[in-house]
Amino acid sequence: MEKFKEYSRLLLVLMLVVACHIVRNAEMKLPDFDLQGHRGCRGLMPENTIPGMIRAMENGATTLEMDVVITKDGKVVLSHEPFFNHEITTKPDGSPVTISEEKSLNIYRMNYEEVRKYDVGMKPHLRFPQQEKIPAVKPLLADVIDSVESISLYPFYNIETKSSPLTDNIFHPTPDLFVEAVMKVIKDKKIEQRVIIQSFDFRTLKYLHAHYPQVKTAMLIEGTDKRSLQDQLSDLGFTPTIYSPEYSLVTASLVERCHNLKMKIIPWTVNDKSSFERLKEMGVDGIITDYPPRPLR
């Protein structure tokens, strides 16, 4: 009888493991309305850090938006710039990084062991005075995923590749090597169905679409981009999952055109309720915000 009970317990555990594996790897659709935490929860926590991502999830974000760069030893690290930004960084000796020296602190020329000696959580952020100040480092993408997955029921990840044709092999690898480094982490963590890769650099998206067509893509568009939607899509060469413009560019007509092309439209960066309500009325499919969920209130 005791053996039967033990076998039953083992079978139950096995069934739960299999069920979790199926859920984790099943084809998953984006939320009907996707609330994306910009750089985690930048308005309230240090950007692109594990505590910021966790706070975003606690605040109801359905997708974690983040930026990644590559280190000298090939590690994928969360960072908006491929260097240590003077607004948020304290050097290992405790002194602040200055604007004149920030670009010389090139993450692509540093091994991760050196990168993690810099603090990006304690320096007061003049543009985000509500940010909680805590010791924090630029984390590995793999560690972010592990930390979030341990406490959350399988969120989506919107990962931006920070690259430009002007800085290939200076601040980052070429698009093929960049995408392969990111995808290795994504595949190792088995989250392909819950990842969006976004970029202003269309080369990244083209490579991704050619080699990993099952992965969701988002085309980022700045306010200074005066091309028509059709020209932008023509330059990209395919229709992405998401069209992601600066929110000031969004009109009801643009939303309709995106939906007619079977694209979701998720603008950035929406931090006030009036802008959110205007965009929601137009029919956007989500927003990217520094303050999840403040714009919704």
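Predicted model only: the values in this text are computed from it and were never measured.

*Asks:* Explain the overall build of the protein chain to me, using residue names and the numbers behind them.
*Replies:* From N to C terminus, the protein chain includes nine helices and nine strands. Seen through its C-alpha atoms, the protein chain measures out along the principal axes to roughly 75 × 55 × 40 Å. Counting the 297 residues in the protein chain, one finds 52% classified as buried. Across the protein chain, the fraction of contacts at a sequence separation of at least 24, relative to all contacts at a separation of at least 6, is 63%. Here the protein chain has roughly 14,000 Å² of accessible surface; of this, 57% comes from carbon and sulfur atoms.

*Asks:* Provide a residue-level description of helix 6 (residues 202-211), including the pertinent values.
*Replies:* Among the residues of helix 6, Phe 202, Thr 204, Leu 205, Tyr 207 and Leu 208 are the ones counted as buried. Buried-residue contacts for helix 6 involve strand 4 (156-161), helix 5 (175-188), strand 5 (195-199), strand 6 (216-221) and helix 7 (229-236).

*Asks:* Tell me about the nonpolar core, and name the residues and values.
*Replies:* Judged by nonpolar contacts, the single largest core of 52 residues is most densely connected at Met 66, Leu 141, Tyr 157, Ile 159, Val 182, Ile 197 and Tyr 243. Per-element tally for this core: the top contributor is helix 5, with six residues. Setting aside residues up to four positions removed in sequence, Ile 159 forms contacts with Met 66, Val 68, Leu 141, Val 182, Ile 186, Val 195, Ile 196, Ile 197 and Gln 198. In terms of nonpolar packing, the next biggest core, distinct from the first, is built from 13 residues, Phe 84, Tyr 112, Val 115 and Tyr 118 among them.

*Asks:* Quick one: what's the story with the side chain of His 38, residue by residue and with numbers?
*Replies:* On the secondary structure map, His 38 appears in the loop between strand 1 (34-37) and helix 2 (50-58). Its relative accessible area of 8% is what places His 38 among the buried residues. Leave out the neighbours within four places in its chain, and His 38 touches Glu 65, Thr 269, Ile 288, Thr 289 and Asp 290.

*Asks:* Describe in detail the pairing of strand 4, supporting the description with residues and values.
*Replies:* The element strand 4 is largely enclosed, with a buried count of six among its six residues. Covered by surrounding structure in strand 4 are Phe 156, Asn 158 and Glu 160 together with Tyr 157, Ile 159 and Thr 161, the residues of both alternating faces. Strand direction decides the pairing type here: strand 2 (residues 63-70) and strand 4, joined by six bridges, are parallel. Each bridged residue has a counterpart across the sheet, and for Asp 67 the counterpart in strand 4 is Glu 160. In this structure, strand 4 lies alongside strand 5, joined through four bridges in parallel fashion. Across the sheet, Glu 160 pairs through a bridge with Gln 198, a residue of strand 5. Taken together, strand 4, helix 5 and strand 5 constitute a β-α-β crossover, and its handedness is right-handed.

*Asks:* An account of the side chain of Glu 160 is requested, with residue identities and associated values reported.
*Replies:* Tracing the backbone shows Glu 160 in strand 4. Exposure remark for Glu 160: the relative accessible area of 5% places this residue in the buried category. A polar side-chain atom of Glu 160 sits 3.0 Å from a polar atom in the side chain of Lys 162. Here Glu 160 is in contact with Glu 65, Met 66, Asp 67, Val 68, Gln 198, Ser 199, Phe 200 and Leu 220, once residues within four sequence places are set aside.

*Asks:* I'd like to hear about helix 7, residue by residue, with values.
*Replies:* Residues separated by three or four positions in an α-helix point in the same direction, a consequence of the helix having 3.6 residues per turn. By the burial criterion, the buried members of helix 7 are Leu 229, Gln 232, Leu 233 and Leu 236. The arc that holds every buried residue of helix 7, seen down its axis, measures 95°, which confines them to one face. Residues Gln 230 and Ser 234 are exposed on helix 7 and point more than 90 degrees away from its buried face. Gly 237, located one to two residues past helix 7, shows a positive phi value of around 95°.

*Asks:* Break down the packing of helix 5 against helix 6 for me, with residues and values.
*Replies:* Following both chains from N to C, one finds helix 5 and helix 6 inclined at 60°, their axes separated by 9 Å at the closest point. Put simply, helix 5 runs oblique to helix 6. The handedness of the crossing between helix 5 and helix 6 comes out as right-handed. For the pair formed by helix 5 and helix 6, the contact residues are Pro 175, Asp 176, Val 179, Glu 180 and Met 183 on the first element and Arg 203, Thr 204, Tyr 207 and Leu 208 on the second.

Thresholds, definitions, all that
- The residue count restarts for each chain, going from 1 along the sequence in the order it is written.
- Residue-level local features of this predicted model are given only where pLDDT is at least 70; pairs of side-chain atoms are given and counted only at 80 or more, and the full residue set underlies all totals for whole chains, interfaces and linings.
- Computation of side-chain values covers all heavy atoms of the structure but excludes hydrogens and water.
- Every helix listed is a DSSP run of H or I at least four residues long, and every strand listed is a run of E at least two residues long, numbered separately from the N terminus.
- The buried label goes to any residue with under 20% of its type's maximum accessible area, the exposed label to any with over 50%, and the partly exposed label to all in between, with areas taken from a 1.4 Å probe on protein chains only.
- Every residue pair with non-hydrogen atoms within 4.5 Å of one another is taken to be in contact.
- Where accessible areas are quoted, they stem from the Shrake-Rupley method and a 1.4 Å probe; at the residue level, only the protein chains shown are allowed to cover.
- Throughout, nonpolar core names a set of buried Ala, Val, Leu, Ile, Met, Phe, Trp, Tyr and Cys residues whose side chains join them through atoms within 4.5 Å.
- Paired strands, as defined in this entry, are two strands with at least two bridges between them according to DSSP.
- By the criterion used throughout, a crossover qualifies as right-handed when its path from the first strand across the helix to the second strand runs clockwise, the strands pointing away from the viewer.
- Whenever a nitrogen or oxygen atom comes within 3.5 Å of another N or O atom, the pair is scored as a polar contact, on the condition that within protein one atom can donate a hydrogen and the other can accept it, and that pairs from neighbouring residues in sequence are kept only if both atoms are in side chains.
- Each direction from the helix axis to a C-beta atom contributes to the arc, which is the arc of those directions.
- Structural elements are reduced to axes, namely lines fitted to C-alpha atoms, with helices fitted over the stretch in contact, and the angle between N-to-C directions of any two is expressed from 0 to 180 degrees.
- Reported orientations rely on four angle classes, namely roughly parallel under 35 degrees, roughly antiparallel over 145, roughly perpendicular from 65 to 115, and oblique for the rest.
- Two helices crossing with the near one rotated counterclockwise from the far one by less than a right angle form a left-handed crossing, whereas a clockwise rotation gives a right-handed crossing.

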